[in-house]
Amino acid sequence: MKITINKPTEFEAVYLEVDASVRYWEDAEVNGVKDIDLCESKGIGNPLMPCAVQIKEEADYNIYSDHYRWRPIIAIETGQIVNWTQGTTANVHYKVCDDFICDITDEDHIAIASYDGYVPKIMCPADEGYGDYIIMNIDENGFIQGWEKELISRIIKEQED
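Small disclaimer: the values here were computed from a predicted structure and weren't measured. (Residues numbered from 1 in each chain as written. Predicted model: local features only at pLDDT ≥ 70, side-chain atom pairs only at ≥ 80, totals over all residues. Heavy atoms only, no water.)

Undergrad: Mind showing me how you'd approach the overall build of the chain here?
TA: Helix and strand counts for the chain come out as one helix and 11 strands. Ordered by position from N to C terminus, the α and β elements of the chain give β-β-β-β-β-β-β-β-β-β-β-α. For 161 residues, the compact-globule formula gives about 15 Å, and the C-alpha radius of gyration of the chain, at 17 Å, lands near that figure. In terms of its C-alpha atoms, the chain occupies a principal-axis envelope of roughly 60 × 35 × 30 Å. The 161 residues of the chain split such that 39% are buried. Surface accessibility of the chain: about 9300 Å² in total, with carbon and sulfur atoms responsible for 46%. Here the chain holds 13 positive side-chain charges and 32 negative ones, and the gap between their average locations is 6 Å. (Helix = DSSP H or I, 4+ residues; strand = E, 2+ residues; numbered from the N terminus. Rg over C-alpha atoms; globule rule 2.2 N^0.38 Å. Buried < 20%, exposed > 50% of the residue type's maximum accessible area, 1.4 Å probe, protein only. Areas by Shrake-Rupley, 256 points an atom, 1.4 Å probe, with all protein chains shown as cover. Lys, Arg positive; Asp, Glu negative; His and termini not counted. Charge placed at Lys NZ, Arg CZ, Asp CG, Glu CD.)

Here is the structure:
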């Protein structure tokens, strides 16, 4: 006889590993300078924002931004982006357009839980993101200002529903 047992398991959640599509990189400022407008440049050039990762050679889409994604790795306890370029400040206001993915991982970066959907509230400490925007201010050491680590539980709860 086969039986299923759903038993709560405790994990140490250490990182929030984000993978977000950014529609308009120019809606952010890096060290006080507006980031690149990839639509205006027809996809030529690189975002200034730390953690911008090129995922393909060139853009496929007419806004010319789909060949980059924003992939910060955030220490849940402190709100520090661990792959941040030290000395860089940023004001982020990214329209994500229903393409937000993240993993909650342990200290070895092994996924404990995964999420795919609207932008969660934890990614909008600077304003209301309405599920569509990442809105945050990041200091020169990579700390997200106003980080609320308790909101990580909402991501897990959404995946359970």
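Resuming the write-up.
Undergrad: Help me understand unusual backbone geometry in this model?
TA: What you tend to see is this: most non-glycine residues have negative phi, and most peptide bonds are trans. Of note in this structure, Cys-51 is not a glycine but carries a positive phi near 75 degrees. Within the secondary structure, Cys-51 is located in the loop between strand 3 (33–34) and strand 4 (52–54). For Cys-97, which is not a glycine, the phi torsion comes out positive at approximately 55 degrees. Residue placement: Cys-97 occurs in the loop between strand 8 (90–95) and strand 9 (100–105). Given a relative accessible area of 25%, Cys-97 falls into the partly exposed group.

Undergrad: What is the right way to read a negative patch on the surface from this model?
TA: Together, Glu-10, Glu-12, Glu-107 and Asp-108 make up a negatively charged patch on the protein surface. Of note, Glu-10 is situated in the segment before strand 1 (15–21). Among the residues examined, Glu-10 registers a relative accessible area of 78% and is labelled exposed. (Patch = residues over 30% accessible without salt bridge, like charges linked within 9 Å, V, L, I, M, F, W, Y side chains within 5 Å. Salt bridge = Lys/Arg side-chain N within 4 Å of Asp/Glu carboxyl O.)

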